[in-house]
Every structure is written in C-alpha cells, then in structure tokens.
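Here is what each chain is made of, one letter per residue.
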Amino acid sequence: PSAPGTARTWAARAPAAGAEALDAPVSGGDKGAIAGTLSIMVGGSVAAFERAHPILEVMGATIVHCGPAGAGQVVKVCNQVVVGVVIEAVSEALVLGAKAGVDPSRIADVLQGGLAATKVLEMRRDNFLTGSFDPGFRIRLHLKDLKNALELGRDAGVALPAAAAVEQLMRAADANGRGEYDHSGLVTVLEVLAVNKVCDAVEG
C-alpha cells in the first residue's frame, strides 16, 4: 500500500480532473483474491464509497468505509502490523517447539484449536511446515508496509516496539536474499538463530 499521506495527496488532486479518489487497500492474500473474499478498507467520501461499492463487492466479502481520504491506508498499515507480529510469534513458537523435540505439525494443530488460533497459521501452515516459501505476499513488500507503519507511528507519537522488532527481522531476511520469499519465510531468520529448521522436525 501507499503511505496515508500519498492517498490524501491524490484525493486532493482528483477533483481537478473531474473525479473522486478512494484509497482501498485489501487484506486476505492471494487465496482471498482468488476466492473474492478479501477484506477491503476504504478511505474517501461516503458518496464515492457508495458508488464504488458494487465493484468492491466483486472482490471482497468485508468492505468497510474507514473514514476520509487516507483512512484506508491507515487501517491497512494497522492490519500489516498485526499480520507481521503474528507471523513472528508463530515462527517463534514453531522453532521453539521443534528444537525442544515436538513435531511442529502437532504444535500447529494445538494452536489452531485454542485461543492462539490465527488466520496466519490457517493460510500459511504448509509454508511453515514444509519450508517452501513461494509467495503469497513477499517479505520485501511487507517490509515496506512496516516502514510505513513506523513512520505513521512517529508522526502520531505512538510507540510500536513489536512492529519495530519484526521490521528488523524482515530486514535481515531481505539482506540475506529472502526478500522474494512469502512473508511466512520470516521463520527462516528464527531458524538460523536457533540453528534448527522447523521442517526437519516434522514427522512422516
């Protein structure tokens, strides 16, 4: 996504061309796009949102008007903070359990059956357990999103310690040639630190 300020700039310029601009980033990944079940967060005027709604319905199942121009991008940044932090948390859990001698597939089963259940593990389970990180959503793109999040945090006076840590880990992944991996490939950084691969601990 673009930075919220960029969306506001384009929205301000659009009337001169006889148009209205909406910022409408999405969440749901490649699978959500294929199924037409994306979550779409929209910034712009109510009237423009209502006119665009029938088109957005083709692509998304959850379509939310978040506020004026730029609001969609703000919510997307918030979404990417959560996704990044959850990917990192799942990675830590699987690497820890695997190195402690438990089959990571059993760990994933338990996580998904309790309070720790997450869409990240539901959609990226195979990536974590097989060590295959075909995108999906690339680490280098998520890294850009986290950069936008940290800049927004600075502008708003909000500390984002977990997001900052994940940004550094993704930066390390990118620096080591993994920027084109799916963002679940963040687990490889934790594997290097632990000297232990999750996929090697999967039984059968």
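The preceding data block contains the structure.
Residues numbered from 1 in each chain as written. Predicted model: local features only at pLDDT ≥ 70, side-chain atom pairs only at ≥ 80, totals over all residues. Heavy atoms only, no water.

Q: Got a sec to walk through the nonpolar core? Specific residues and values, please.
A: Formed by 31 residues in total, the largest nonpolar core has its most connected members in Phe-128, Met-170 and Leu-186. In terms of residue count, the dominant contributor to this core is helix α4 (residues 71–99) (seven residues). Residues Phe-49, Ala-52, Leu-56 and Ile-63 belong to the second largest nonpolar core, which totals seven residues. (Core = buried A, V, L, I, M, F, W, Y, C linked by side-chain atoms within 4.5 Å. Buried < 20%, exposed > 50% of the residue type's maximum accessible area, 1.4 Å probe, protein only. Helix = DSSP H or I, 4+ residues; strand = E, 2+ residues; numbered from the N terminus.)

Q: Tell me about helix α9 (residues 187–194), and please be specific about residues and values.
A: Taken across its eight residues, α9 has six buried, putting it largely inside the fold. Buried within α9 we find Val-187, Thr-188, Val-189, Leu-190, Glu-191 and Ala-194. Of the surrounding elements, those touching the buried residues of α9 are α4, α6 (119–130) and α8 (161–178). Val-195 lies just past α9 and shows a positive phi near 55 degrees. (Contact = heavy atoms within 4.5 Å.)

Q: I'd love a proper account of the layout of surface pockets, names of residues and values included.
A: Roughly 600 Å³ of internal volume is contained in the largest pocket. Only β1 (26–27), α2 (29–35), β2 (38–43), α4 and α6 provide two or more residues apiece to the lining of the largest pocket. Of the residues forming the lining of the largest pocket, the biggest block, seven residues, is contributed by α4. Here the lining of the largest pocket is composed, by residue class, of twelve nonpolar, twelve polar and six charged. (1 Å grid on protein atoms, 1.4 Å probe; cavity = no way out; pocket = protein on both sides within 12 Å on 5 of 7 lines; lining within 4 Å. Points joined across faces, edges and corners; volume = space filled by probe spheres on them. Nonpolar A, V, L, I, M, F, W, Y, C, P; charged D, E, K, R; others polar.)

Q: Give me the lowdown on the packing of α4 against α6, citing residues and values where you can.
A: Interhelical geometry of α4 versus α6 gives an angle of 50 degrees and a closest axis separation of 11 Å. Comparing the axis directions of α4 and α6 gives the class oblique. For the pair α4 and α6, the sense of crossing is right-handed. On α6, the residues touching Val-83, Val-86, Ile-87, Val-90, Ser-91 and Leu-94 of α4 are Val-120, Leu-121 and Phe-128. (Axes fitted to C-alpha atoms, helices over the stretch in contact; angles between N-to-C directions. Parallel < 35°, antiparallel > 145°, perpendicular 65-115°, else oblique. Left-handed = near helix turned anticlockwise from the far one by under 90°.)

Q: Give me a nonpolar patch on the surface: which residues, what numbers.
A: A cluster of nonpolar side chains, namely Ile-55, Val-58 and Met-59, defines an oily patch on the protein surface of about 320 Å² accessible area. With respect to the element layout, Val-58 can be found in helix α3 (residues 46–59). (Patch = residues over 30% accessible without salt bridge, like charges linked within 9 Å, V, L, I, M, F, W, Y side chains within 5 Å. Areas by Shrake-Rupley, 256 points an atom, 1.4 Å probe, with all protein chains shown as cover. Salt bridge = Lys/Arg side-chain N within 4 Å of Asp/Glu carboxyl O.)

Q: Before we move on, could you go through the pattern of salt bridges and cite the residues and values that matter?
A: Tallied over the full model, the rule gives eight salt bridges. One salt bridge in this structure joins Arg-125 and Asp-109, with 2.9 Å as the shortest N-O distance. With Arg-125 in helix α6 and Asp-109 in helix α5 (residues 104–112), this pair connects stretches of sequence that are 16 residues apart. Asp-109 sits in the partly exposed class, given a relative accessible area of 44%. Among the ionic pairs, Glu-122 bridges to Lys-119, the shortest N-O distance being 3.5 Å. Of this pair, Glu-122 and Lys-119 both sit in helix α6, three residues apart, roughly one helical turn. On the basis of relative accessible area, Lys-119 is assigned to the exposed category, the value being 53%. Each of Arg-138, Arg-140 and Glu-180 takes part in one network of salt bridges that share partners.

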